[in-house]
Amino acid sequence: MTQPLIEVRDLEVHFPVGRTMFNAGATVRAVHRVSFEMGRGEVVGLVGESGSGKTTLGRSLLRLIEPTGGSVRLNGKEVTGMSPADLRRARSDMQIIFQDPFASLNPRMSVGEILSEALHLHSIGSRADRRDRVAALLETVGLPPQAAERYPHEFSGGQRQRIGIARALSVEPAFIVADEPVSALDVSIQAQIVNLLAELREKMKLSILFIGHDLSVIEYLCDRVIVLYLGKVMESGTVAEIYQRPRHPYTRALLDAAPQVDANRRTDRIMLTGDLPSPVSPPSGCIFRTRCPFAQPECAATVPPLETKGADHRVACIRADEIDLVPG
Amino acid sequence: MSAKLLDIRDLVVEFRTEAGLLRAVKGVDLSIAAGETLALVGESGSGKSVTSLSTMRLIPEGVGRIAGGEILFRGRDGTVRDLVHLPGREMAGIRGSEIAMVFQEPMTSLNPAHRIGAQIAEAARLHEGLGRKAARARAVEMLKLVDIPEPERRAEAYPHQLSGGMRQRVMIAIALVCNPTLLIADEPTTALDSTVQLQILVLLRRLQDELGMAILFITHNLGVVAEIADRVAVMYGGRIVEDAPMAEILTAPRHPYTRGLLASVPRTDHAARAAGRRDRLQAIPGSMVDPLKPPPGCDFAPRCAWAQEACTAAVPVLEGVASGHHARCRRWREIV
């Protein structure tokens, strides 16, 4: 078997909360025993409600947030535990695109400076090379070469997101974490950026971990999907498997809640009640059971393991074999 | 159809900015019948929120003004009044009691220092003149109405102790405390997770069945439109470009912008995918119209694949294309 580009094993990210001089506080397990692999050129969607830990997971892969435990390998090299110098070098292979194109670009730097900063840091090319590279990057993301002379505030939201993408691409990474890159954009602009990402994945063989909540965008763009709930993987599989044959009640509920542009309202929906429980004191057994319409007493007793059901389809539900969740 | 509850005619709203006069709403006609849900759809800068704020007369004075048109509202007593010219005191009597509003971000609309029960009770005392005890009982009743579990206990909670979805339920409770005939909901579910969004939409539909209010629902999400609307009006560049019954907007749009919006929503063709094909989305090119420098003629012409020279000569009129269906496009006959 060829080596995966990204290998994540039992990744843990814990945050202390409520710790004071007099109080030991508690620990939130924002990411709990998450394992997955990504091949070169593969685009994986990471979905879940706010508070599911998807952003924390994405950032901990790049060590923008330090993992508490587990391992992340990039091209076979252990990222967790890398020295700062090694990590800096490794970052030229892994980059991030942020949600908010307004907050993630330095307003005092011209677009040309923004795009060549990383090249400079990684000592890539001469000054003239970098200028050519900036022009090429702008063309790749669909902006005119003159954009290099201008500043972020002169651009619209969609154009700024193009700049953010160009910045991530500047060091020619193999792996990109895209953290809700289209969520802040208007619908018509969103489609432009989704098209751009689809084009880039084909042209550059990029591996992208696409964090998002719009399930139609995820379905369109991704090869595989990971469903996260309170820091744990509930289900993962190919897009076709997850969307057409979901096996976890949470996945089905997410699919049912996604607004469909369809004049006929569905009637057989699984609707969740309430909100995500507090991550400080998650429910015993299956963490989803408090909102699950299929929960039984056993669900409180055992933590369901993430089991393989068919090719590349994993699900953490003790009732996965007995309940039929295929949407009608 | 029953008589119009709200009838906006040729509304024009302007703002004074450092860069010059900005015309955010350029002649909007809009009407809502009693008990009906109208979705007002548009992207940022389309003028949808300004239209709704004008109806509440909440355009900040000195910065912006309603420069023309009428907003005719039929009161509970049956008299029709033009809200544009209503004295401030009379407007205050309508606001909150006959027309109520729910905003996108409940955390900024709720007072963080007061218990939620007290905030609902305040609305009941202010508008309904209830006594302290009656208002408090009303608050608990309202929390029950919006499906908040353990309403007596939750009435004692502060906003920060509630989740986003619960806070939005509280906002709906405050808005409905006086049993308004029109509820204006400005992107009330945009900040929520889709699982919670669905709960709120289903709640609004149920409340409408029970209480019979009309809803002006402002959104940019066509999936939400499909979930809640009876009728839809699409705005672009400060004008209505198309309006029609919900199913017709989604299945037989006649304006290129509406079609572009629908095509921007990814819909995966599983057969094509299985064959390894991923067709590009039909994205609308370019960016939103700059309200300070609107293009000549049709606002959408610079981004429109159907645009011809004549489109830039004059603003097209809103023409009837079918019963209850209008489109502001010279070429609607060719667009099917």
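Within each chain, residue numbers correspond to sequence positions counted from 1 in written order. Chain letters and ligand numbers both follow the written order, the letters beginning at A and the numbers at 1. In keeping with the model being predicted, local features are shown solely for residues with a pLDDT of at least 70 and side-chain atom pairs are shown and tallied solely at 80 or more, while totals for entire chains, interfaces and linings include all residues. Side-chain measures were taken over the full set of non-hydrogen atoms in the model, leaving aside hydrogen atoms and water.

Participant: Whenever I open this one, the overall build of chain B confuses me. Can you help?
Facilitator: Numbering of helices and strands runs from the N terminus, with a helix taken as a DSSP run of H or I at least four residues long and a strand as a DSSP run of E at least two residues long. In terms of regular secondary structure, chain B is built from 12 helices and 12 strands. Note that the radius of gyration is over C-alpha atoms, with the globule rule given as 2.2 Å times the number of residues to the power 0.38. Expected size for 336 residues packed as a compact globule is a radius of gyration near 20 Å; at 21 Å, chain B falls within 12% of this value. Principal-axis analysis of the C-alpha atoms gives chain B an extent of 65 × 55 × 45 Å. For chain B, the proportion of contacts with a sequence separation of at least 24, taken over those separated by at least 6, is 64%. To measure how exposed things are, a 1.4 Å probe is used in the Shrake-Rupley method; for residues, cover is taken only from the protein chains shown. Carbon and sulfur atoms provide 52% of the accessible area of chain B, an area that totals close to 14,300 Å². What makes two residues a contact is simply this: any of their non-hydrogen atoms within 4.5 Å.

Participant: Would you take a moment to explain the interface of chain B and chain A for this structure?
Facilitator: Many structure descriptions define interface size as the accessible area lost when the parts assemble. Counting residues at the interface gives 46 residues for chain B, matched by 40 residues for chain A. Accessible surface is computed with a 1.4 Å probe, and the buried area is the amount of it that two parts give up when combined, taken over both parts together. Contact between chain B and chain A buries roughly 3,600 Å² in total, counting both sides, with carbon and sulfur atoms accounting for 53%. When the buried area of chain B at its contact with chain A is split by residue, Thr195(B), Arg278(B) and Arg280(B) rank highest and sum to 18% of it. Any carboxyl oxygen of Asp or Glu that lies within 4 Å of a side-chain nitrogen of Lys or Arg is treated as forming a salt bridge with it. Summed over the shared surface of chain B and chain A, the result is two salt bridges. When the shortest N-O distance is used, the salt bridge between Glu227(B) and Arg269(A) registers 2.8 Å. As used in this structure description, the phrase polar contact means that two N or O atoms lie within 3.5 Å; if the pair is within protein, one of them must be able to donate a hydrogen and the other to accept it, and residues adjacent in sequence are counted only when both atoms belong to side chains. Remark: the boundary between chain B and chain A carries 14 residue pairs in polar contact (both at pLDDT 80 or more).

Participant: Is there a simple way to think about the sheet that holds strand S2 (residues 20-33) of chain B in this case?
Facilitator: The strands making up a sheet associate through backbone hydrogen bonding, with each pair oriented either parallel or antiparallel. All names here are of chain B. Two strands qualify as a pair provided DSSP detects at least 2 bridges between them. Strand order in this open sheet of four strands is S2-S1-S4-S5, and the pairing throughout is antiparallel. Two strands lie at the open edges of the sheet, namely S2 and strand S5 (80-82), each paired on one side alone. The mean inter-strand angle of the sheet, taken between neighbouring strand axes irrespective of direction, is 5°. Here strand S4 (residues 64-74) runs beside S5; their pairing, made up of three bridges, is antiparallel. In this analysis an axis means a line fitted to C-alpha atoms, helices contributing only their contacting stretch, and an angle means the value between N-to-C directions, from 0 to 180 degrees.

Participant: What is the right way to read the environment of Ile97(A) from this model?
Facilitator: Residues and elements named next belong to chain A. Here Ile97 is to be found in strand S6 (residues 94-97). Only protein chains enter the accessibility calculation, which uses a 1.4 Å probe; a residue is then buried when its area is under 20% of its type maximum, exposed when over 50%, and partly exposed in between. With relative accessibility at 2%, the residue Ile97 sits in the buried group. Between the alpha carbons of Ile97 and Val177 there is a distance of 6.3 Å; along the sequence they are 80 residues apart. Excluding anything up to four places from it in sequence, Ile97 contacts Gln161, Gly164, Ile165, Ala168, Ile176, Val177, Ala178, Asp179, Pro181 and Leu197.

Participant: What is the right way to look at the sheet that holds strand S2 (residues 26-38) of chain A in this model?
Facilitator: All names here are of chain A. Read from one edge of the open sheet, four strands run S2-S1-S4-S5, paired in antiparallel fashion. Single-partner strands in this sheet number two, and they are S2 and strand S5 (77-78). In terms of strand pairing, strand S1 (residues 6-17) meets S2 through nine bridges, oriented antiparallel. Bridged to Val17 within S2 is Ala26.

Participant: Explain the UniProt feature "domain: ABC transporter" (unreviewed entry) in chain A to me, please; I cannot follow it from the model alone.
Facilitator: UniProt positions are given in the numbering used here, feature names are shortened, and annotations may be inferred rather than shown by experiment. What UniProt calls "domain: ABC transporter" (unreviewed entry) maps, in this numbering, to residues 8-255 of chain A. Annotated as residues 8-255 of chain A, this span is 37% helix and 25% strand, and its ends, taken at the C-alpha atoms, are 26 Å apart.

Participant: Would you explain the pattern of salt bridges in this entry?
Facilitator: Residues and elements named next belong to chain B. Under the definition given, this model contains 42 salt bridges over all chains. One salt bridge in this structure joins Arg115 and Glu156, with 3.8 Å as the shortest N-O distance. Of this pair, Arg115 sits in the loop between helix H3 (106-109) and helix H4 (116-128) while Glu156 sits in the loop between helix H6 (151-154) and helix H7 (164-176), placing them 41 residues apart in sequence. Taking the relative accessible area as the measure of exposure, Arg115 reaches 35% and is therefore partly exposed.

Participant: Could you clarify how one ought to interpret the pairing of S2(B) in this entry?
Facilitator: Both faces of the sheet carry side chains from a regular strand, because those side chains alternate between them. Residues and elements named next belong to chain B. Judged by how many residues are buried, S2 sits mostly within the fold: 10 of 14 residues are covered. Note that strand S1 (residues 4-17) and S2 share 11 bridges and pair antiparallel. Looking across to S2, one finds that Val13 is bridged to Val25. In sequence, S1 turns back onto S2 through a hairpin of two residues.

Participant: Quick question: what am I supposed to make of the packing of H4(B) against helix H5 (residues 132-145) of chain B here?
Facilitator: The packing of two helices is summarised by the inter-axis angle and the distance between the axes. Residue and element names in this part refer to chain B. Contact pair H4 / H5: the axes reach a minimum separation of 8 Å and the direction vectors enclose 120°. With respect to their mutual orientation, H4 and H5 come out oblique. The interaxial crossing formed by H4 with H5 has right-handed handedness. For the pair H4 and H5, contact is made by Ile116, Gly117, Ile120, Ala121, Ala124, Arg125 and Glu128 and by Arg132, Ala135, Arg136, Arg138, Ala139, Met142 and Leu143, respectively. Polar here means any residue outside two lists: the nonpolar Ala, Val, Leu, Ile, Met, Phe, Trp, Tyr, Cys and Pro, and the charged Asp, Glu, Lys and Arg; Gly therefore counts as polar. Residues of the contact of H4 with H5, tallied by class, amount to eight nonpolar, one polar and five charged. In what follows, roughly perpendicular refers to angles from 65 to 115 degrees, roughly parallel to angles under 35, roughly antiparallel to angles over 145, and oblique to any angle outside these ranges. Note on convention: the crossing is left-handed when the near helix lies turned anticlockwise from the far helix by less than a right angle, right-handed when the turn is clockwise.

Participant: What exactly am I supposed to notice about unusual backbone geometry here?
Facilitator: Most peptide bonds are trans, and most residues other than glycine sit at a negative phi. Residue and element names in this part refer to chain A. Look at Asn75: it is not a glycine, yet its phi comes out positive at around 55°. Relative to the assigned elements, Asn75 resides in the loop between strand S4 (69-74) and S5. Residue classification places Asn75 among the partly exposed positions, given a relative accessible area of 32%. Phi angles above zero are rare outside glycine, and Ser123 is one such case at about 50°. Tracing the sequence through the fold places Ser123 in the loop between helix H3 (111-121) and helix H4 (127-140).

Participant: What is the right way to read H5(B) from this model?
Facilitator: Two residues of an α-helix separated by three or four positions point the same way, owing to the 3.6 residues in each turn. Residue and element names in this part refer to chain B. For H5, with 14 residues, the first-to-last C-alpha span of 20 Å sits near the 20 Å given by 1.5 Å per residue. If you check which residues of H5 are buried, you get Ala135, Arg138, Ala139, Val140, Met142 and Leu143. Among the structural elements, H4, H6 and H7 are those in contact with the buried residues of H5. Note on H5: the residue one or two positions beyond its end, Asp147, has a positive phi of about 65°. Multiplying one less than the number of residues by 1.5 Å gives the expected span of a helix.

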